[in-house]
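Here is what each chain is made of, one letter per residue.
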Amino acid sequence: MLKSLLFFLRFFLFWLLFFFVDRLIFILIYHDKLTTVPFKETAATFYHAIPLDLSMTAYIAVIPLLSYIFWLLNGRKVVELKWISIYNLVLVFACSVLSVVNFNIYREWGSKVNAKAMSFAFNSPTEAMASSASSPIGLSISLLILLFVIGFFLQRYMVSRKLSFTQSPIWLRAILCVALLFGNFLLIRGGLRGSPITQSMGYFSKEQLLNNASVNTEWNLISSVLASKMTKNNPYLYLDSKEAENKIKDLYTPTKDSTIHILNTKRPNVVLVIIESFTADLTKTLGNEDGITPHFDTLINKGVFFSQIYSAGNRTDKGLIGTLAGFPTLASGSIVKWPEKMQKLPAISQSLLNNGYKTSFFYGGESEFDNYKAFILSHNYQKLVDKNNFEGNNMKTIWGKYDEVVFDRQLNDLNKEKQPFFSTILTLTNHEPYFLPGTSKFGKADNAAKFKSTAYYTDSCINAFLTNAKKQPWYKNTLFVFVADHGHSLPKNNNEISSPQRYHIPLLFFGDVIKDEFKGRQFDNVGSQTDIAATLLSQMDIPTKQFTWSKNLLNPYSKPFAFFSWDNGMGFIDNKQCVTFDNVGKMVLYNSNDKNVDQTSITLNYAKAYLQTVYRQFIEF
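The rules behind each value
Residues numbered from 1 in each chain as written. Predicted model: local features only at pLDDT ≥ 70, side-chain atom pairs only at ≥ 80, totals over all residues. Heavy atoms only, no water. Helix = DSSP H or I, 4+ residues; strand = E, 2+ residues; numbered from the N terminus. Rg over C-alpha atoms; globule rule 2.2 N^0.38 Å. Buried < 20%, exposed > 50% of the residue type's maximum accessible area, 1.4 Å probe, protein only. Contact = heavy atoms within 4.5 Å. Areas by Shrake-Rupley, 256 points an atom, 1.4 Å probe, with all protein chains shown as cover. Patch = residues over 30% accessible without salt bridge, like charges linked within 9 Å, V, L, I, M, F, W, Y side chains within 5 Å. Salt bridge = Lys/Arg side-chain N within 4 Å of Asp/Glu carboxyl O. Pairing = 2+ DSSP bridges. Axes fitted to C-alpha atoms, helices over the stretch in contact; angles between N-to-C directions. Core = buried A, V, L, I, M, F, W, Y, C linked by side-chain atoms within 4.5 Å. Phe/Tyr/Trp six-rings, centres within 6.5 Å; stacked < 30°, edge-to-face > 60°. Lys NZ or Arg CZ within 6 Å of the ring centre and 35° of its normal.

**Topic: the overall build of the protein**
Summing up its helical and strand segments, the protein has 22 helices and 15 strands in all. Over its C-alpha atoms the protein spans a radius of gyration of 27 Å, differing by no more than 12% from the 25 Å that the globule rule assigns to 621 residues. If one aligns the C-alpha atoms of the protein with their principal axes, the spans along those axes are about 95 × 55 × 45 Å. Each of the 621 residues in the protein was classed as buried or not, and the buried ones make up 57%. Residue pairs at least 24 apart in sequence account for 76% of intrachain contacts in the protein once pairs closer than 6 positions are excluded. Accessible area of the protein: about 25,800 Å², with a carbon and sulfur share of 57%.

**Concerning a nonpolar patch on the surface**
Nonpolar side chains collect at one region of the surface, where Ile137, Ile141, Ile145, Val149, Phe153 and Tyr157 lie side by side and expose about 590 Å² of accessible area between them. Its location among the elements puts valine 149 in helix α8 (residues 137–158). Classification of valine 149 as partly exposed rests on a relative accessible area of 37%.

**Some points on the pairing of strand β3 (residues 269–275)**
Counting buried positions along β3 gives seven out of seven residues, so the element sits mostly inside the fold. Side chains Asn269, Val271, Val273 and Ile275 of β3 all project onto a buried face; the interleaved residues Val270, Leu272 and Ile274 project onto the opposite face, where all are buried too. Taken together, the seven bridges between β3 and strand β8 (residues 478–484) define a ladder with parallel strand orientation. Bridge assignment links valine 271 to a residue of β8, and that residue is phenylalanine 480. Strand direction decides the pairing type here: β3 and strand β7 (residues 421–426), joined by five bridges, are parallel. Bridge pairing links valine 270 to phenylalanine 422 in β7.

**Considering the side chain of threonine 283**
Examined against the element boundaries, threonine 283 turns out to sit in the loop between β3 and α13 (284–287). Taking the relative accessible area as the measure of exposure, threonine 283 reaches 1% and is therefore buried. Filtering out sequence-adjacent residues up to four positions away, threonine 283 remains in contact with Phe278, Asn288, Glu289, Thr293, Phe296 and Asp297.

**Quick word on helix α3 (residues 50–60)**
For α3, the complete set of buried residues consists of Leu52, Asp53, Ser55, Met56, Thr57, Ala58 and Ile60. If you follow the buried residues of α3, they end up packed against α1 (6–29), α4 (62–74), α5 (82–109), α9 (170–189) and α11 (217–228).

**Concerning the sheet that holds strand β13 (residues 569–574)**
Through backbone hydrogen bonds, the strands of a sheet pair up, either in parallel or in antiparallel fashion. Reading across the sheet, the four strands line up as β12-β13-β14-β15 and stay open at both edges, with antiparallel pairing between neighbours. In this open sheet, the two edge strands, each paired with only one partner strand, are β12 (561–566) and β15 (587–591). In this sheet, adjacent strand axes meet at a mean angle of 20 degrees when their direction is disregarded. As judged from the four bridges shared by strand β14 (residues 578–582) and β15, these two strands associate in the antiparallel manner. Across the sheet, residue aspartate 582 finds its bridge partner in β15, namely methionine 587. Across the sheet, helix α22 (residues 597–620) touches β12, β13, β14 and β15, and the angle it forms with β13 is around 125 degrees.

**Comments concerning unusual backbone geometry**
For the bond from glutamate 432 to proline 433, the omega torsion is 15 degrees, close enough to zero to count as cis. Along the polypeptide, proline 433 turns up in the loop between β7 and α20 (447–469). Geometrically, the link from leucine 490 to proline 491 is a cis peptide bond, its omega value of 5 degrees lying close to zero. With respect to the helices and strands, the residue proline 491 is situated in the loop between β8 and β9 (504–510). Although it is not a glycine, asparagine 371 adopts a positive phi angle of roughly 65 degrees. Along the chain, the position of asparagine 371 falls in the loop between β5 (358–363) and α18 (372–378).

**Regarding the pattern of salt bridges**
Under the criterion given, the structure shown has 14 salt bridges. With a shortest N-O distance of 2.9 Å, aspartate 370 and lysine 337 are connected by a salt bridge. Residue aspartate 370 is found in the loop between β5 and α18, and its partner lysine 337 is found in the loop between α15 (316–325) and α16 (339–342); the two are separated by 33 residues along the sequence. Its relative accessible area of 13% is what places aspartate 370 among the buried residues. Note on lysine 337: relative accessible area 32%, which makes it partly exposed.

**Concerning the nonpolar core**
Judged by nonpolar contacts, the single largest core of 124 residues is most densely connected at Phe480 and Phe482. Apart from the residues lying within four places of it in its own chain, the contact partners of phenylalanine 482 are Val273, Ile275, Phe296, Leu299, Ile462, Leu466, Pro506, Leu507, Leu508 and Phe510. Within the second largest apolar cluster, 64 residues are counted, among which are Val37, Val92, Cys177 and Phe564.

**Let's talk about the packing of aromatic side chains**
Tallying each qualifying case throughout the model produces 49 aromatic pairs. Taking 6.0 Å as the distance between ring centres and 70 degrees as the angle between the ring planes, the aromatic pair formed by tyrosine 363 and tyrosine 372 counts as edge-to-face. Neither tyrosine 363 nor tyrosine 372 differs from the other in exposure class; each is buried. With 6.2 Å between their ring centres and 85 degrees between their planes, phenylalanine 465 and phenylalanine 480 make a pair best called edge-to-face. Placement of the pair is phenylalanine 465 in helix α20 and phenylalanine 480 in strand β8, with a sequence separation of 15 residues. With respect to class, phenylalanine 465 is no different from phenylalanine 480; both count as buried. Feature note: the residues Tyr252, Trp549, Phe561, Phe563, Phe572, Tyr606 and Tyr610 constitute an aromatic cluster, connected by ring pairs. Its end group placed over the ring of tyrosine 606, lysine 247 keeps NZ or CZ at 5.2 Å from the ring centre. In this structure, lysine 608 packs its charged tip against the face of phenylalanine 581, placed 5.1 Å from the ring centre.

Keep in mind these numbers describe shape, not what the thing actually does.
This is how it looks when you write it as structure tokens:
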């Protein structure tokens, strides 16, 4: 009977080897990011991965274990297990596909495949295909075949397809069954320790890539899916709740309620341009890049420019909510997934509609993607134009209409609109896979070149839009606000997900409604994308009390700071310091002033208080 237990030993060894190969390929793909990491530390990844690999293998072993127990108690002497091969191969294929997806997700998002990525794939398959179009197809297919072939041969020679039982008392078989169930449960749970196993079991290094490599991909996905359904408990409890609330209150309470009035009118038309992936690194002004955004850099010298602005998060859904609702990100989650909560957020469009504005939203893609449409229509945008409102298939990418087509549509509609109006446009051409309607300015050698080319194209579209808008009677009474939805690792390709530069974006107020003495003025205090709501509305003397997470950037007494987050990570930056922190590994990933221990503690506690408090409010919605 005990000899039959070799079946499980071989079964577990097979999956541990498969996960080893998967992890090795992941590290080899991103080896260029590990050139300064000692080999010993890289090798340690495989050791620290064992607990999560065992846990995932124990999950996979549940069905074979139950089958084994059935036949053991049944009294059979020999059992054919040909179905095990089919069971394993199906799972090997699924895990291989998931691994390839993970390789590409990590390249684009800086995080492992998670619930958000799977939701993206199932709920928006067309957009998911478009987003993956920039992935190296040949490499992806090769890796898929390689993983499956390795899995096929490993299971062929390692996994038993026949069980032989020796005669033994029923009580002994019963004890063995209980022991096996309990042992498998312990492996799933991670032992008898007080808390069950988490991703942090795989965290061991200051190098995030190694931590992500250590965490089992399949286990991480299951955990992410389960966590995404949890909205009753706050996973970010760091400080006493009262202490956290007081810190946030202190951040958002200026020493004096004041505003620098930069406009010559209280009721201008407002055109808000949210530019896809328009990171600060694209501009000459902030990124020292020549020739990518020549028109935007020219506008900076004629408008009011905020040079130290940071996006709320790393995806468009977070940037849209941050810009229009002044609401921060939630690290591991996004409020757009809960429309009933999202509807409770305030929005610039609501405030302006209540003050006599006509409101409209223009987007060349599918507005139902990531619940954009739910937010737009529930927050008093009177008109929504998306790709379904354009005729013909010309000037169209996988994502939707090219930017120039959407800008032209917005211009034509605004010419017929009653003033004052508030109109928002969300661009999309600067999104992977970086397709263009014409010649690529910087070529197509790699994604960085393509990215610069689409950014150059969008910059030219903005210039054409403003050139044509100047011919319209409403132009002289219009404020144009330009901001990115989020930052990007490109074009420099050296900004990790935990780097503050990854979130650095431009914010520009432009138009004839700006007083002459402020044209060309630059404000250098740190601020957030979420501050646009309070800043804009304060210029119109419209109350901003409902925007509790937004501060007035043009109040000289506002405290300069910004909070940003990504999947289970967060950052806080002010004029003194920037600290980013991993909520799983409980470690500081970036510190602009690590020699000042006291200041680091203060900055980090602000980050913890911020995420803890905003998540509490999210739960209460």
